[in-house]
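Structural features, examined
The chain contents come next:
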Amino acid sequence: HMIYHFIRMSSEGKVNIYGDGKQSRDFICVKDVVRANEVAFNYAKGFDVFNVGSGKSTSFNELAALVIAAMGNNSPIGYTANPLTKVYQLFTQAEMSKTKESMGFSPEVSLEEGVKWMVDYYKPLFENNLIK
């Protein structure tokens, strides 16, 4: 949902990030999530738990830069104090070795491709005021 919010903010002319933007997340394209579910369905050997992610962590600063580049509008990035400092998760990254080894699943869509796909979809909707 961060990519969507950065696209929305960039379409409004400024991207705002809570904190310093160094917090990072493991982003995976929904196309890969769907494929992971298909692989898991076909793998089905009883019950087990598998992580599904890219296996890479990307900072909000890096993500905002990718979105702004894909939007092509050079939106500035602003920072606001994070109101959730005591409970905020600063880093997430899926450990994918079990998923890769057991099910043979690895994501195929890069973050850059996923961002471009989302920008291509949402940018016209924001530009034409079809969503807010």
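Structure's up top.
Criteria and thresholds
- Residues numbered from 1 in each chain as written.
- Predicted model: local features only at pLDDT ≥ 70, side-chain atom pairs only at ≥ 80, totals over all residues.
- Heavy atoms only, no water.
- Helix = DSSP H or I, 4+ residues; strand = E, 2+ residues; numbered from the N terminus.
- Expected span 1.5 Å × (residues − 1).
- Bend = angle between axes of the 7 residues up to and from the residue.
- Contact = heavy atoms within 4.5 Å.
- Phe/Tyr/Trp six-rings, centres within 6.5 Å; stacked < 30°, edge-to-face > 60°.
- Buried < 20%, exposed > 50% of the residue type's maximum accessible area, 1.4 Å probe, protein only.
- Lys NZ or Arg CZ within 6 Å of the ring centre and 35° of its normal.
- Patch = residues over 30% accessible without salt bridge, like charges linked within 9 Å, V, L, I, M, F, W, Y side chains within 5 Å.
- Areas by Shrake-Rupley, 256 points an atom, 1.4 Å probe, with all protein chains shown as cover.
- Salt bridge = Lys/Arg side-chain N within 4 Å of Asp/Glu carboxyl O.
- Axes fitted to C-alpha atoms, helices over the stretch in contact; angles between N-to-C directions.
- Parallel < 35°, antiparallel > 145°, perpendicular 65-115°, else oblique.
- Left-handed = near helix turned anticlockwise from the far one by under 90°.
- Nonpolar A, V, L, I, M, F, W, Y, C, P; charged D, E, K, R; others polar.
- Arc of directions from axis to C-beta.

Looking at helix 5 (residues 111-127)
In this model, helix 5 (17 residues) spans 23 Å end to end at C-alpha, consistent with the 24 Å of a helix rising 1.5 Å per residue. Aspartate 120 marks where helix 5 bends most, by close to 30°; the proline proline 124 follows one to four residues later. The inward-facing, buried residues of helix 5 abut helix 1 (2-12), strand 3 (58-59) and helix 3 (60-71).

Some points on the packing of aromatic side chains
A complete count under the given rule lists 7 aromatic pairs for this structure. For the ring pair tyrosine 4 and tyrosine 122, a centre distance of 5.0 Å and an interplane angle of 75° mean the geometry is edge-to-face. Here the residue tyrosine 4 occupies a position in helix 1, and tyrosine 122 occupies one in helix 5, the gap between them amounting to 118 residues. For tyrosine 122, a relative accessible area of 21% translates into the label partly exposed. On the numbers, 5.7 Å between centres and 45° between planes, the contact of tyrosine 4 with phenylalanine 126 is tilted. Of this pair, tyrosine 4 sits in helix 1 while phenylalanine 126 sits in helix 5, and the two are 122 residues apart along the sequence. Through pairs of rings, three or more aromatic residues link up here, namely Tyr4, Tyr121, Tyr122 and Phe126. One residue, lysine 98, lies across the ring of phenylalanine 50, its end atom 4.9 Å from the ring centre.

Here we look at a nonpolar patch on the surface
On the surface, a nonpolar cluster with roughly 270 Å² of combined accessible area is contributed by Val30, Val34 and Trp117. Structurally, valine 30 can be placed in helix 2 (residues 30-43).

Details of the packing of helix 3 against helix 5
Packing of helix 3 against helix 5 leaves a shortest axis separation of 9 Å and a crossing angle of 50°. Classified by the angle between their axes, helix 3 and helix 5 sit oblique to one another. Judged by the twist between their axes, the crossing of helix 3 over helix 5 is right-handed. Residue-level contacts link Leu63, Leu66, Val67, Ala70 and Met71 of helix 3 to Leu111, Glu112, Val115, Val119 and Lys123 of helix 5. Broken down by class, the residue content of the contact of helix 3 with helix 5 amounts to 8 nonpolar, no polar and 2 charged.

Concerning helix 3
Here helix 3 contains 12 residues, and its C-alpha end-to-end distance of 16 Å stays within 8% of the 16 Å for a straight helix at 1.5 Å per residue. Within helix 3, burial applies to Phe60, Leu63, Ala64, Val67, Ile68 and Met71. For helix 3, the angular spread of buried residues about the axis comes to 130°, placing them on one side. Elements in contact with the buried residues of helix 3: helix 1, strand 1 (15-18), strand 2 (24-25), strand 3, strand 4 (77-80) and helix 5. Just beyond helix 3, the residue with positive phi is glycine 72, at close to 70°.

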